[in-house]
Amino acid sequence: MNAKSAAKSAAKHHDIRDMLLDAAGLSLDRLPMLHVLFDRMATFCADGLRQVAASQAYYSLSSVESGRIGDVLEAYEGMAIAGIFNAPSWDSQLIVGFDRDFIFTMIEVLFGADGSEPPVEDERSFSNIEGRVAQLLFEQMTKALKSAFALVSDTSFQFERQETRMDFAVIGRRNNLAVTAKFLLQALNRGGEMFVTIPQSALTPLRRALASTSQAETGGRDPKWAQKIRDEVNRTEVELRAVLDEHEVTLGDIAALKVGQILKLDATPASRVKLESAAQPLFWCHLGQSDGGYVVRLDEQINQHQDFIDDILPR
């Protein structure tokens, strides 16, 4: 057998294997990268929403499931807006959908509501404004999809149209297998669901890349993401408490306290003050005054392990 014949034989064997895998469907347990990609998508959506929303909103991946396209769409009939996207390099289409609660919550978030009004619960059809907001969100989803799948496929996504009738959200035969990821939006003490449905035939060529998380685990550090985490941590509010002196008393002593009674402290102006947060000691300080107010000067960090050793060892 010459090299050309061997190549044809290998290609034929590969095609038969692909056909068998397509018929059997993808096993999600063997595609751990899918969860990584959809987690990235949730993060990208949350970051984009924070730039335009006045209140805090959170995206989270709730599930990744496999099923028939028709069954997925039937569950959202009459209660969702679906966007049809085209992935040219995959030669396939996919669906991104928002349920009613997602749309109503997003409207309140984008227009500055504070959550004091009860959530919308009527079964009316979507208004023109709600449809327009959904379209703007779908256009942003092209960037979220591209960013999420960049780890395994350099492809672009094009938003084609939106549908409120799931019967018209056609991306192939309704009995074809698909992977559906569901995301939860939480804001203003309410929330909604977003779903992404991708035909398994589009993911089958990527199964080797989706079967390993090494690309995500060994990838280089993302400086933008690291800076984002640093900024959020630096903006986090914490409560500090300066403790001048402490006494251990019994419950009987507490019950015997009377209004106007004076509690004597053993502390002096030279005593050290313990600075703590969330009941965790942080620094030893000294008390002072500045501009008519009390201040503390940090002297040294508290080493709980060393303090424990000092307490139990003889001096």
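Residues numbered from 1 in each chain as written. Predicted model: local features only at pLDDT ≥ 70, side-chain atom pairs only at ≥ 80, totals over all residues. Heavy atoms only, no water.

Describing the sheet that holds strand β9 (residues 280–290)
- Read across the sheet, 4 strands follow the order β7-β8-β9-β10 without closing on themselves; strand pairing throughout is antiparallel. Of all the strands in the sheet, just β7 (241–243) and β10 (293–301) have a single pairing partner and so form its edges. On average, adjacent strands in this sheet sit at an angle of 40° to one another, irrespective of strand direction.
- Bridge analysis of strand β8 (residues 272–277) against β9 gives 6 bridges, and the strand direction is antiparallel. (Pairing = 2+ DSSP bridges. Helix = DSSP H or I, 4+ residues; strand = E, 2+ residues; numbered from the N terminus. Axes fitted to C-alpha atoms, helices over the stretch in contact; angles between N-to-C directions.)

Thoughts on the nonpolar core
- Counting 54 residues, the largest nonpolar core has F38, M41, Y59, F98, F149 and M194 as the members making the most contacts within it.
- The residues touching M194, leaving out its near neighbours within four places in the chain, are M41, C45, Y59, V96, G97, F98, F102, M141, A181, K182 and F183.
- Of all hydrophobic cores here, the second largest spans 13 residues; its members include A82, I84, I95 and A169. (Core = buried A, V, L, I, M, F, W, Y, C linked by side-chain atoms within 4.5 Å. Buried < 20%, exposed > 50% of the residue type's maximum accessible area, 1.4 Å probe, protein only. Contact = heavy atoms within 4.5 Å.)

Side note on the sheet that holds strand β6 (residues 190–199)
- Pairing within the open sheet is antiparallel, and its 6 strands lie in the order β1-β5-β6-β3-β2-β4. In this open sheet, the two edge strands, each paired with only one partner strand, are β1 (57–68) and β4 (158–163). With direction set aside, neighbouring strand axes in the sheet form an average angle of 20°.
- Its contacts with the sheet place helix α2 (residues 33–50) against β1, β5 (177–187) and β6, and it is angled at close to 145° to β1.
- Together, β2 (80–87), β3 (92–99), β4 and β6 form the strand contacts of helix α5 (residues 128–149), whose direction differs from that of β2 by roughly 40°.

Some remarks on the packing of aromatic side chains
- A complete count under the given rule lists 13 aromatic pairs for this structure.
- Ring geometry for F38 against F149: centres 6.1 Å apart, planes inclined by 85°, an arrangement best described as edge-to-face. In this pair, F38 sits in helix α2 while F149 sits in helix α5, placing the two residues 111 residues apart along the sequence.
- With relative accessibility at 0%, the residue F149 sits in the buried group.
- Between F149 and F157, the aromatic rings sit 6.1 Å apart at their centres with planes inclined by 50°, giving tilted as the arrangement.
- Taking the relative accessible area as the measure of exposure, F157 reaches 7% and is therefore buried.
- The rings of Y59, F85, F98, F102, F138 and F159 are connected pair by pair, giving a single aromatic cluster.
- Sitting above the plane of the F126 ring, R100 keeps its charged end 5.4 Å from the centroid.
- Against the face of F168 rests R165, its NZ or CZ located 4.9 Å from the ring centre. (Phe/Tyr/Trp six-rings, centres within 6.5 Å; stacked < 30°, edge-to-face > 60°. Lys NZ or Arg CZ within 6 Å of the ring centre and 35° of its normal.)

What to know about the side chain of T197
- Along the chain, the position of T197 falls in strand β6.
- T197 gets classed as buried once you look at its relative accessible area, which sits at 1%.
- Of note is the side chain of T197, whose polar atom sits 3.2 Å from the side chain of T180. (Polar contact = N/O pair within 3.5 Å; in protein donor to acceptor, adjacent residues only side chain to side chain.)

Some details on the pattern of salt bridges
- Throughout the structure, instances matching the rule amount to 13 salt bridges.
- Between D154 and K146 there is a salt bridge, and its shortest N-O distance comes to 3.6 Å.
- For D154, a relative accessible area of 72% translates into the label exposed.
- We classify K146 as partly exposed; its relative accessible area is 38%.
- A single salt-bridge network, built from bridges that share partners, covers E160, R161 and E163. (Salt bridge = Lys/Arg side-chain N within 4 Å of Asp/Glu carboxyl O.)

What to know about the pairing of β5
- The element β5 is extensively covered by neighbouring structure, given that 8 of its 11 residues are classed as buried.
- Pairing of β1 with β5 involves 11 bridges; the strand directions are antiparallel. Among the inter-strand pairings, R68 is bridged to a residue of β5, identified as L177.
- Note: β5 against β6, 10 bridges, orientation antiparallel. Looking across to β6, one finds that V179 is bridged to I198.
- In this structure, the hairpin formed by β5 and β6 is closed by a connection of 2 residues, where L188 is found at a positive phi of approximately 55°.

By themselves, these figures tell us nothing about what the structure is for.
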